[in-house]
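The primary structure of each chain is shown beneath.
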Amino acid sequence: MKTLIFLAMLFSVLSLPSVGELTQNDLNKIHLIVKEATGPIEANVAVVRTEVKHLNTKIDDKFNSIEKNFDRQSNLIIACIAIPMALIAILVSWRSIRDNAQSKQIEELTRKIEILEQQ
């Protein structure tokens, strides 16, 4: 029984320092250790950020060049559609003008024929 009481007192005496509070000096040491450990990580993060910014500018440049290419292609498509349509419109109007002229000539010739038949 005495040994049991002795061991209980011994363990409680040993456990007393472990439940003590952290002092400001301990907190400062922990802060320095954490700061030293995160220093290289922060440097790597800064490098990654600059690389991401560089990639963003490259991607923006690529998107701008792609937009320009799309604009050129759309202009080419419009030109490929508009030029033949304009030619067709010109041909149709020229044909209708020619047909009107021919129909007037036919009417004139039919009148002359009628006049000649009457004589």
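Structural data are supplied above this passage.
Per-chain numbering applies: the sequence of each chain, read as written, is numbered from 1 onward. In view of the model being predicted, local features appear only for residues whose pLDDT reaches at least 70, and side-chain atom pairs are presented and counted only at 80 or more, with totals across whole chains, interfaces and linings using the full set of residues. With hydrogens and water set aside, each side-chain value is computed from the structure's full complement of heavy atoms.

(A) Inspection of the overall build of the chain at higher detail. Looking only at helices and strands, the chain has 2 helices and 0 strands in total. Relative to its length of 119 residues, the chain is extended, with a C-alpha radius of gyration of 49 Å against a globular reference of 14 Å. Each principal axis of the C-alpha distribution contributes one length, and for the chain these read about 160 × 35 × 20 Å. By residue count, 0% of the 119 residues in the chain fall in the buried class. Computed with the Shrake-Rupley method and a 1.4 Å probe, the accessible areas treat only the protein chains shown as cover for residues. Of the roughly 11,500 Å² of accessible surface on the chain, 67% is carried by carbon and sulfur atoms. Looking at charge distribution, the chain has the averaged site of its 14 positive side-chain charges lying 5 Å from that of its 14 negative ones. Runs of E in the DSSP output that reach at least two residues are strands. Runs of H or I that reach at least four are helices, and both are numbered from the N terminus. Both definitions apply: the radius of gyration is a C-alpha atom measure, and the globule rule equals 2.2 Å times residues to the power 0.38. Buried means the residue's accessible area, taken with a 1.4 Å probe over protein chains only, is under 20% of the maximum for its type, while exposed means over 50%, and partly exposed covers the values in between. Here Asp and Glu are counted as negative and Lys and Arg as positive; His is not counted, and neither are the chain ends. To locate a charge, take atom NZ for lysine, CZ for arginine, CG for aspartate or CD for glutamate.

(B) Seen up close, a nonpolar patch on the surface. A contiguous nonpolar patch, built from F6, L7, L10, F11 and L14 and spanning about 530 Å² of accessible area, is present on the exposed surface. Structurally, the position occupied by F11 is in helix α1 (residues 2-15). In this analysis, a patch consists of residues with relative accessible area above 30% that form no salt bridge, clustered at 9 Å for like charges and at 5 Å for the nonpolar side chains Val, Leu, Ile, Met, Phe, Trp and Tyr. Note on definitions: salt bridges are taken to be side-chain nitrogens of Lys or Arg within 4 Å of carboxyl oxygens of Asp or Glu.

(C) Highlighting helix α2 (residues 24-118). To estimate how far a helix should extend, the number of its residues minus one is multiplied by 1.5 Å. Across its 95 residues, α2 extends 133 Å between first and last C-alpha, which sits within 8% of the 141 Å expected from 1.5 Å per residue. Remark: the principal bend of α2, roughly 35°, maps to T38, with a proline, P40, within the next four residues. In this scheme, the bend at a residue equals the angle between the axes fitted to the seven residues that finish there and the seven that begin there.

(D) Region of the structure containing the environment of N64. Tracing the backbone shows N64 in helix α2. Separated by 12 residues in the primary sequence, N64 and L76 place their C-alpha atoms 18 Å from one another.

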